[in-house]
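Per-entry structural report
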Amino acid sequence: MYGNDNWINSYLDAILDAGKGAAGAERPSLLLRERGHFSPARYFVEEVITGYDETDLYKTWLRANAMRSPQEKNTRLENMTWRIWNLARKKKEFEKEEASRLSKRRLETEKQRNDATADMSEDLFEGVKGEDAGDPSVAYGDSTNGNTPKISSFDKLYIVLISLHGLIRGENMELGRDSDTGGQVKYVMELAKALSSSPGVYRVDLLTRQILAPNFDPCYGERDEILASTSFKNLKYERGENSGAHIIRIPFGPRDKHLAKENIWPFIQEFVDGALGHVVRMSKTIGEEIGSGCPVWPAVIHGHYASAGVAATLLSGALNVPMVFTGHFLGKDTLEGLLKQGRQTREQINMTYKIMRRIEAEELSLDASEIVIASTRQEIEEQWNLYDGFEVMLARKLRALVKRGANCYGRYMPRMVIIPPGVEFGHMIHDFDLYGDEDSPSPASEDPSIWFEIMRFFTNPRKPMILAIARPYAEKNITTLVKAFGECRPLRELANLTLIMGNREAISKMNKVSAAVLTSVLTLIDEYDLYGQVAYPKHHKHSEVPDIYRLAARTKGAFVNVAYFEQFGVTLIEAAMHGLPVIATKNGAPVEIHQVLDNGLLVDPHDQHSIADALYKMLSEKQFWSRCRENGLKNIHQFSWPEHCKNYLSRILTLGPRHPAFGNREDHKVPVNCRKHILVIAVDSVSKEDLIQIIRNSIEATRTGTLSGSTGFVLSTSLTIAEIRSLIKCIGMLPTDFDAFICNSGSDIYYPSKSSDVPSNSIFTFALDNNYRSHIEYRWGGEGLRKYLVKWASSVVERRGRTEKQIIFEDSEHSSTYCLAFRVANPNHLPPLKELQKLMRIQSLRCHALYNHGATRLSVIPIHASRSQALRYLSIRWGIELPDAVVIVGETGDSDYEELFGGLHKTIILKGGFNTPANRIHTVRRYPLQDVVALDSSNIIGIEGFSSGDIRSAMQQLGIPAQ
């Protein structure tokens, strides 16, 4: 290593200069080679180790250079070189493995989709390619055929929006404070305000998380925040009286801790229970105000992002109301990008980002949604098309069949609707902003304070301002913008550069990724000596953002967004609204925005020279600048919030009728009026003898003290009602000892009822809850689903040498209308549930599959059916709060086991003390239990044994009084 200092230093210098590039894109090192300034070190870094986080390497380099001893310095640099070599080797291995996996997955998915089409008879598709083939709305399932309801026909609607992560408040949003408080927070806030100002909308609730953590504003702990209404300019209709928009903060998760979006998953069921209570109360309140005493249920429940998609799925299913979903940033697209970087394996990515849980949540949202709202066509065709539950061509065929009234054999895909985000026109620029004289600026007292904060950086503040607003993340590509500006002398002489990179106190206190980007930006400013030409203020308020746009417009500047990929880019719309031409990335939504606004230029974000050339052209050619500005202002109305809400509401009113049906408390003569608590026995995977003893002991535990007579009992199981009847007989109890029976894994609810045909008081029957069935029948595949499952079961075989033996068989005896049962002959060859779920989604069959009975039975039930959902239904029907329910489970259980933990109810885990059959169910779990269950919750307690005394003591510890 001695004597190689110059090469090593140039090699390490290249680490800081290496920009991320896409496959096939020309890198700066290659351009330099063409110009005769090729750097081998820089080429090696760009071509071999690009995509790795260089922060640690950079710090190591600094420490090495700080050493006085040349030997110590060179030793550290040598070790560093070996580390980089190892990174390069690992990256090549990752790339090879991932390419092989993607190729295999692509072939498998293509075959399965072809099978899905073949399964539907050829005659069903006759004529499909005719008039509908060229209609993109039909391809996505979004076609109103001229039947869009008119504004005047809207009813008084109650709309529920859900967005769980980030810091959400009505005024002075802290955008950029953390990685979760960005464009989505701004979008949902403005959507709530805009919808509440629309005709026919009575109330909008934006549900989010209550935050009581230290160092956060107390406003995030307020349960109900009323939002100021949006005032639309040039609105042709008047707003009627309504209840406005509200932020409703639901407490869930640790009360004194702010949770990042990756850490919310274990607490979602707790949110759902709290949100359910709020929506039920509010629906009744609105009913008293405008509904003649009848509850006014939500017209739609709209989830934003994957975690809120799961919450919306559960909430809409519990209430039987339509669900709408907006993905914002999709997990599969994120995963593909991270894998391409080669920095982490799939397992490491999942550990950090909980990415598999996120992708499954998005698949589940596709299963349950009636409408999926996308910002652009690209989002549908290139991002959603990656998912098992959606495929453009199959969606087109199914939509055409629905239009013709043909049988789709239980297959369904949600409608994909393109509705670009809106912008609030309250800050539209005025004439003096457009045509003000630069040489006659307003008096300083009239200028916004943020103008001074920016202009104090500049030696010549009158030059045109290039404005970029982006959080300091690598994917926003801010460093390439600074390089483009720094290396183009004509551009530097012509303009100033302003970087609004969120808010910060100190770089040392920022998260690692943001700190690395910001450090690189400051390093480049120093390297190119851009002092006096680049502004990078530490703080700004959300309310000051319009003033920042106005300042750039007044200097006849331009807005720039050169992110590697832009999901939508609301800032591009905001810039146009303020009269700023734009230079935008050609990757993603800006392409479609440009087609509408025609107010700037698109560039390759990897090519800093094209970025510099585009900026110079825009700012130096005054006629071109003026034309772009005028085009943007002329066409911006297409992105207004009134237009967005009009499109949104017109789609909502085309949804099929779905209404809650909870019946009456007294329907089946069950004495629930006196119940204060509900004890749910949901123990799986134990012997029949142990289950009988657990039931007896659980009931005995409540026979003394105040719980006697005030506690109702529910048996929740995968057993059929016939099996329950036999079990009760073996126990020596009567059906009326229970208030309800949740059977077939939550696909049916029965109540004990005396027979009206026999006068004897000893004759009891079981009454089926048909109202509950109306809640879960949504998108049930019925006979089409059964035929597919029978075909699939015949293909699942155990191979021994040359012989094959089928291991899964249809089980008609244990099947019911909404539960298709299959017998598993050999649990040791159990296929993972995720494989079956994937196959059914590819087939557009929407359902919920689970293993039970110690993995000897497979049950397939409706997407909204589950034992946890059945408990929510009963709590509303009986008027019993979920915190007053106790669920008893075993140490293992069926594959819906984790759903029985979360929520506001209390959970008692029976640990050991009985014989548990071999259970392979949890070896085929989709994701780790801790990713979806907060096992350290104060609502969960584990006990050894299951005697009546043990259970009584556990209930007391959970706050359920026994005396």
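Residues numbered from 1 in each chain as written. Predicted model: local features only at pLDDT ≥ 70, side-chain atom pairs only at ≥ 80, totals over all residues. Heavy atoms only, no water.

This next bit is on the overall build of the chain. Within the chain, the secondary structure is distributed over 32 helices and 28 strands. Sorting the 963 residues of the chain into buried and exposed places 59% on the buried side. Contacts in the chain between residues far apart in sequence, at least 24 positions, make up 74% of those at least 6 positions apart. When the accessible area of the chain is evaluated, it comes to approximately 39800 Å², of which 49% is carbon and sulfur surface. (Helix = DSSP H or I, 4+ residues; strand = E, 2+ residues; numbered from the N terminus. Buried < 20%, exposed > 50% of the residue type's maximum accessible area, 1.4 Å probe, protein only. Contact = heavy atoms within 4.5 Å. Areas by Shrake-Rupley, 256 points an atom, 1.4 Å probe, with all protein chains shown as cover.)

Another point: the packing of helix α29 (residues 782-795) against helix α30 (residues 833-842). Two numbers describe how α29 lies on α30: the axes approach to 12 Å, and their chain directions differ by 135°. What the angle tells us is that α29 and α30 run oblique. The hand of the α29/α30 crossing is right-handed. Together, Leu785, Tyr788, Leu789 and Trp792 of α29 and Leu836, Leu839 and Met840 of α30 make up the contact between the two elements. Tallied by class, residues from the contact of α29 with α30 come to seven nonpolar, no polar and no charged. (Axes fitted to C-alpha atoms, helices over the stretch in contact; angles between N-to-C directions. Parallel < 35°, antiparallel > 145°, perpendicular 65-115°, else oblique. Left-handed = near helix turned anticlockwise from the far one by under 90°. Nonpolar A, V, L, I, M, F, W, Y, C, P; charged D, E, K, R; others polar.)

Look at helix α23 (residues 608-620): 18 Å from first C-alpha to last across 13 residues, which is about the 18 Å you get at 1.5 Å a residue. All buried positions along α23 are accounted for by Gln608, Ile611, Ala612, Ala614, Leu615, Met618 and Leu619. All buried residues of α23 project into a common sector of 165° when viewed along the axis, lining one side. The backbone nitrogen of His609 lies 3.1 Å from a side-chain oxygen of the residue at the head of α23, namely Asp607. (Expected span 1.5 Å × (residues − 1). Arc of directions from axis to C-beta. Polar contact = N/O pair within 3.5 Å; in protein donor to acceptor, adjacent residues only side chain to side chain.)

Under the counting rule described, the total for this entry stands at nine cavities of 30 Å³ or more. What the largest cavity holds in volume is close to 530 Å³. Together, 31 residues line the largest cavity, and Leu314, Arg357, Leu364, Glu899 and Tyr927 are the ones closest to its centre. Of all the secondary structure elements, the ones that give two or more residues to the lining of the largest cavity are α8 (268-290), α9 (306-319), α12 (355-368), α30, β24 (848-852) and α31 (867-878). Residues belonging to the lining of the largest cavity are distributed by class as follows: 14 nonpolar, 10 polar and seven charged. (1 Å grid on protein atoms, 1.4 Å probe; cavity = no way out; pocket = protein on both sides within 12 Å on 5 of 7 lines; lining within 4 Å. Points joined across faces, edges and corners; volume = space filled by probe spheres on them.)

Taken together, the four strands give an open sheet; going across it, the order is β22-β23-β25-β24, and neighbouring strands pair in antiparallel fashion. The open sheet is flanked by β22 (808-810) and β24, the only strands paired with a single partner. Taking the axes of each pair of neighbouring strands and ignoring which way they run, one obtains an average angle of 25° across the sheet. Strand direction decides the pairing type here: β24 and strand β25 (residues 857-861), joined by five bridges, are antiparallel. Within β25, the residue paired with Leu850 across the bridge is Ser859. In this fold α30 packs onto β24 and β25, with an angle of close to 155° to the strand it touches most, β24. (Pairing = 2+ DSSP bridges.)

For the rest of this paragraph, the subject is the layout of surface pockets. Each pocket or cavity is described by its volume, and for the second largest pocket that value is around 1100 Å³. Lining the second largest pocket are 31 residues; nearest its centre among them are Glu108, Asp388, Lys834, Glu835 and Lys838. If you list the elements that add at least two residues to the lining of the second largest pocket, you get α5 (70-119), α10 (331-341), α11 (346-353), α12, α29, β20 (797-800) and α30.

Here we take up the sheet that holds strand β7 (residues 371-374). One open sheet holds the eight strands; their spatial order is β3-β4-β2-β1-β5-β6-β7-β8, and the pairing between them is mixed. If you trace the sheet from one side to the other, it starts and ends with β3 (224-227) and β8 (415-418), each paired once. For this sheet, the mean angle separating the axes of adjacent strands, direction not counted, is 25°. In this structure, strand β2 (residues 201-209) lies alongside strand β4 (residues 244-250), joined through seven bridges in parallel fashion. Across the sheet, the residue bridging to Leu207 is Ile248, located in β4. Strands in contact with helix α25 (residues 641-652) are β1 (157-162), β2, β5 (300-304), β6 (323-326), β7 and β8; relative to β1, the strand with the most contacts, it is inclined by about 105°.

Moving on to the packing of aromatic side chains. All chains considered together, the criterion is met by 15 aromatic pairs. Relative to Phe662, the ring of Trp297 has its centre 6.0 Å away and its plane inclined at 55°; by these criteria the two rings are tilted. You can see Trp297 sitting in the loop between α8 and β5 and its partner Phe662 sitting in the loop between α25 and β15 (677-681), a full 365 residues away along the chain. With respect to burial, Trp297 and Phe662 carry one shared label: buried. (Phe/Tyr/Trp six-rings, centres within 6.5 Å; stacked < 30°, edge-to-face > 60°.)

Here we come to helix α21 (residues 570-577). Every α-helix carries 3.6 residues per turn, so stepping three or four residues along brings you back to the same face. For α21, a buried count of seven out of eight residues is recorded, marking the element as mostly surrounded by other parts of the structure. Those residues of α21 that sit buried are Thr571, Leu572, Ile573, Glu574, Ala575, Ala576 and Met577. Just past α21, the residue Gly579 takes up positive phi, approximately 80°.

Now for the pairing of strand β14 (residues 600-603). Where strand β13 (residues 582-585) meets β14, four bridges bridge the pair, whose relative direction is parallel. Residue pairing for β14: Thr585 is matched across the bridge by Val603. On the question of chirality, the crossover connecting β13 to the parallel β14 by way of helix α22 (residues 590-597) is right-handed. (Right-handed = clockwise from strand over helix to strand, strands pointing away.)

A few words on the nonpolar core. Membership of the largest hydrophobic core comes to 126 residues, with the highest contact counts inside it found for Ile162, Phe271, Leu319 and Leu858. If we skip the residues at most four places from it in the chain, Leu858 touches Trp792, Leu820, Ala821, Phe822, Val824, Leu833, Leu836, Ala849, Leu850 and Tyr851. Formed by 71 residues, the second largest nonpolar core is a distinct cluster that contains Met465, Ala468, Met510 and Val545. (Core = buried A, V, L, I, M, F, W, Y, C linked by side-chain atoms within 4.5 Å.)

This part is about the pattern of salt bridges. Two side chains with opposite charge may pair up if their charged atoms get near one another. Per the stated rule, a full pass over the model turns up 30 salt bridges. Between Asp273 and Arg872 there is a salt bridge; the shortest N-O distance is 2.6 Å. With Asp273 in helix α8 and Arg872 in helix α31, this residue pair connects regions lying 599 residues apart in the sequence. Ionic pairing is found between Arg867 and Asp896, a salt bridge with its closest N-O pair at 2.8 Å. (Salt bridge = Lys/Arg side-chain N within 4 Å of Asp/Glu carboxyl O.)

The residue Val534 is located in strand β11 (residues 534-535) in this model. As a C-alpha pair, Val534 and Asn496 span 38 residues in sequence and 6.0 Å in three-dimensional space. Setting aside chain neighbours within four positions, we find Val534 in contact with Phe457, Phe458, Phe485, Leu497, Leu499 and Ile525.

Relative to each other, α21 and α22 sit at 25°, their axes nearing to 10 Å. One way to sum up the angle between α21 and α22 is to call them roughly parallel. Every pair of crossing elements has a handedness; the one defined by α21 and α22 is right-handed. Contacts from Leu572, Ile573 and Ala576 of α21 reach α22 at Pro590, Ile593 and Leu597. Here the residues of the contact of α21 with α22 are counted per class, giving six nonpolar, no polar and no charged.

This part takes up a negative patch on the surface. A cluster of acidic residues, Glu487, Asp526, Glu527 and Asp529, forms a negative patch on the protein surface. Note on placement: Asp529 falls in the loop between α19 (512-527) and β11. (Patch = residues over 30% accessible without salt bridge, like charges linked within 9 Å, V, L, I, M, F, W, Y side chains within 5 Å. Lys, Arg positive; Asp, Glu negative; His and termini not counted. Charge placed at Lys NZ, Arg CZ, Asp CG, Glu CD.)

Turning our attention to the confidence of the model for the chain. Mean pLDDT over the chain works out to 83, with 78% of the residues at or above the 70 mark. Note on residues 121-138: pLDDT is under 50 here. Beyond four places in sequence and across chains, it has 31 contacts. A low-confidence stretch, residues 430-444 (pLDDT under 50), is modelled with 19 contacts involving residues beyond four sequence positions or located in other chains. (pLDDT = per-residue confidence, 0-100.)

Before going further, it helps to examine unusual backbone geometry. With a phi close to 50°, Lys354 is a non-glycine residue in the positive phi region. Note that Lys354 resides in the loop between α11 and α12. By relative accessible area, which is 17% here, Lys354 ends up buried. Its identity as a non-glycine residue notwithstanding, His853 has a phi of 50°, on the positive side. Of note, His853 is situated in the loop between β24 and β25.

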